[in-house]
Amino acid sequence: MITFSELGLDEKLVKATDALGFVNPSPIQEKAIPVLLSGTKDFIGLAQTGTGKTAAFGLPLLQLMDAKQKFPQALVVCPTRELCMQIVNDLENFKKFLPGMQVVAVYGGTSISMQVRDIRKGVQIVVATPGRLIDLIERKAVNLEEIKYVVLDEADEMLNMGFQEDIEFILKNTPNREATWLFSATMPPEIRRVSKKYMTTPFEVTVGKANTANKSIDHQYYVVAAQHRYEALKRLIDFNPGMYGIIFTRTKLDAQDIAEKLTREGYDIDALHGDLTQAQRDKVMNAFREKTLQLLIATDVAARGIDVKEITHVINYELPDDVEVYTHRSGRTGRAGSTGICMSIVHARETYKLRTIEKMVQAPFHKLEIPSGKDVCRKQFFYFMDKLLKTDISHGDYETYLPMLEEKFADVSKEEVLQRVAALEFDRFLKYYENSGDLNVREQRKDRDQRGSRDERGDRNRRGGNERGERREFNSPANTTRLFVNLGTKDGFYKASFLQFILDMSDLKKDVLGRIDMKEMNSWIEIESKAAKQMIKSIDGKNFRGRKIRMNDADSRR
Ligand code: AMP
């Protein structure tokens, strides 16, 4: 196997990789580093997060900097504040043995004057989110004249978030740029277009296949009736007691609701969504990173750029519409050579969507059953007993208390002690799961008598019209309104993010929605008539990236 120094890296950088415990370069590093070290080649790296791409560009970038020159020579542009901080953190580690080398992170949501001061101290590399970078350029706080290298990290994410113009502005305003390095998990046509316009015969490297989820991830799915999603989620969490995971929802309302419900029921979970202030976000993220928080529930937008190590599970509370979103979600686990599990809770009608994702991801998806209450209790029991046996009692002054303990338990047998310990820990589970049913949706004909098929019937009743007839009403065209809106894929939306956007803006739940048709410039939304007014009122006339949103009833002439 090749080593870091064989790739042409300076000894001081190799020393830093050693100190980090990197034994060999990862595939993207092996392919990218020798090319990037030449300093003059444009480069496209198609690689997911977790493949080691930060070091793939960070190490050569540091080698190409002149530490004696105290002005910015490289820009790294990335979609979110979190990613920005992570990149700087990685670069700090890589430059440990390079005296005089300075790196700064600039992002929105904090004092700009502090960041201006940091840049003026004499930094060589500026790592920035696009919006704040533009602010700094406009204030003339960053001199772009001397920028030789521009790195675009997670380019597809930046485009999804609507940063295309900002990125083009940055590329246009770096006149002495010698090389552009673009990293992206996927290669949508807009990125191709940007690369064609601003890069010269880029050297292209793909690690794994574009659009392919990480191979070290086990993709699992569970088919349940829609009204059992929450119960199913709880069982999956309970069945995996050591889980350190992220749960994804489509809307911030779902993220909030589920986090509140689970917290009330004693789970260690917090939510990350767009309504939090930066300080609240940081607090949640720090707790999660330090593992004082076991579970994080997040929307796709809020979770962008999060890189947390050792995540064991990603759970899709609902399947996303786009394969790219699935890939991004599942890529949070199974990083840096470790393995991970991505679980999707799927409604029976969504299995076709699952097949499409499976095909694109090019990895097998395993259908598993939601465990029974009994299985959950058994699993928890063994987990606890294992923990009990592994508890370290070598530290601490237990011997002092031993005689007292022995006296107190003189008449209690070992079996009884164990039973009492188990009861303390398990009563919650045993009581909860005592009369729990089967949550799996089973094929109807085979299992007509089983609870699962009753569930399915229940679900169908709901869909066809429950006691209040809600769905039946909705399904009839007379009670549905079609809305027009002047937002589309050109605005950086894809279906899931658009859905989240309109629901978040209007504070409506997604069951009021029917079909959504998206085109480049416009979209059409089917919605329950009684909710249409609220949606129009909350969205029509608002601004989106400096443009006025127009939303109206598509079928009424106004
Ligand atoms: P990235 O894709 O840059 O987010 O990297 C994912 C993780 O892999 C980070 O935690 C890195 O510290 C780690 N990493 C990067 N390169 C290597 C390597 N060659 N060997 C082991 N771990 C690595």
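What counts and how
- Residues numbered from 1 in each chain as written.
- Predicted model: local features only at pLDDT ≥ 70, side-chain atom pairs only at ≥ 80, totals over all residues.
- Heavy atoms only, no water.
- Pairing = 2+ DSSP bridges.
- Helix = DSSP H or I, 4+ residues; strand = E, 2+ residues; numbered from the N terminus.
- Axes fitted to C-alpha atoms, helices over the stretch in contact; angles between N-to-C directions.
- Phe/Tyr/Trp six-rings, centres within 6.5 Å; stacked < 30°, edge-to-face > 60°.
- Buried < 20%, exposed > 50% of the residue type's maximum accessible area, 1.4 Å probe, protein only.
- Patch = residues over 30% accessible without salt bridge, like charges linked within 9 Å, V, L, I, M, F, W, Y side chains within 5 Å.
- Areas by Shrake-Rupley, 256 points an atom, 1.4 Å probe, with all protein chains shown as cover.
- Salt bridge = Lys/Arg side-chain N within 4 Å of Asp/Glu carboxyl O.
- pLDDT = per-residue confidence, 0-100.
- Contact = heavy atoms within 4.5 Å.
- Domains from an automatic or database assignment.
- Buried area = accessible area lost by both parts, 1.4 Å probe.
- Nonpolar A, V, L, I, M, F, W, Y, C, P; charged D, E, K, R; others polar.

A few points about the sheet that holds strand β20 (residues 551–553)
- In space, the four strands of this open sheet follow the order β16-β17-β15-β20, with antiparallel pairing throughout. The two strands at the open ends of the sheet, each matched to only one other strand, are β16 (513–518) and β20. Here the average twist between neighbouring strands, direction ignored, is 20°.
- Here strand β15 (residues 480–485) runs beside β20; their pairing, made up of three bridges, is antiparallel. Bridging from a neighbouring strand, Phe484 pairs with Asn552 of β20.

Some words on the packing of aromatic side chains
- Taken as a whole and assessed by the stated rule, the structure comprises 10 aromatic pairs.
- Ring geometry for Phe381 against Phe382: centres 6.0 Å apart, planes inclined by 85°, an arrangement best described as edge-to-face.
- Look at Phe381 and you get partly exposed, because its relative accessible area is 35%.
- The class of Phe382 is exposed, set by a relative accessible area of 54%.

Topic: a nonpolar patch on the surface
- A surface patch of nonpolar side chains, about 500 Å² in accessible area, is lined by Tyr401, Leu402, Met404, Leu405 and Phe409.
- Residue position: Tyr401 is located in helix α16 (residues 398–408).

Some remarks on the confidence of the model for the chain
- Scored by pLDDT, the chain comes out at a mean of 84, with 91% of its residues at no less than 70.
- Scored below 50 in pLDDT, residues 444–476 shows 51 contacts in the model against residues more than four places distant or in partner chains.

Looking at the side chain of Gln115
- Take Gln115: it is sitting in helix α5 (residues 112–120).
- Contact partners of Gln115, with chain neighbours within four places excluded, come to Ala105, Val106, Tyr107, Thr110 and Arg132.

Let's talk about the domain arrangement of the chain
- Each assigned domain of the chain is listed with its residue range as follows: domain 1 (4–206), domain 2 (217–370), domain 3 (374–433) and domain 4 (473–553).
- Taking only C-alpha atoms into account, the centre of domain 2 sits 25 Å from that of domain 4.
- Taken together, the contacts link 14 residues of domain 2 with 11 residues of domain 4.
- Both faces considered, domain 2 and domain 4 share a buried interface measuring about 1,100 Å² in area, 52% of it formed by carbon and sulfur atoms.
- Sorting the residues of domain 2 by area buried against domain 4 places Arg250, Lys252 and Leu253 first, and these three jointly supply 38% of that buried surface.
- Put simply, domain 2 and domain 4 have three salt bridges between them.
- Per-class residue counts for the side of domain 2 that touches domain 4 are three nonpolar, two polar and nine charged.

Some thoughts on the pairing of strand β17 (residues 523–528)
- Here β15 pairs with β17 via six bridges, running antiparallel. Across the sheet, the residue bridging to Phe484 is Trp524, located in β17.
- Pairing of β16 with β17, which is carried by four bridges, proceeds in the antiparallel orientation. By the bridge assignment, Met518 is partnered in β17 with Ser523.
- Here β16 hands over to β17 after four residues, the two strands then running antiparallel side by side.

What to know about unusual backbone geometry
- Residues other than glycine seldom take positive phi values, yet Glu154 does so here, at roughly 50°.
- With respect to the helices and strands, the residue Glu154 is situated in the loop between β5 (149–152) and α7 (155–160).
- Glu154 gets classed as buried once you look at its relative accessible area, which sits at 6%.

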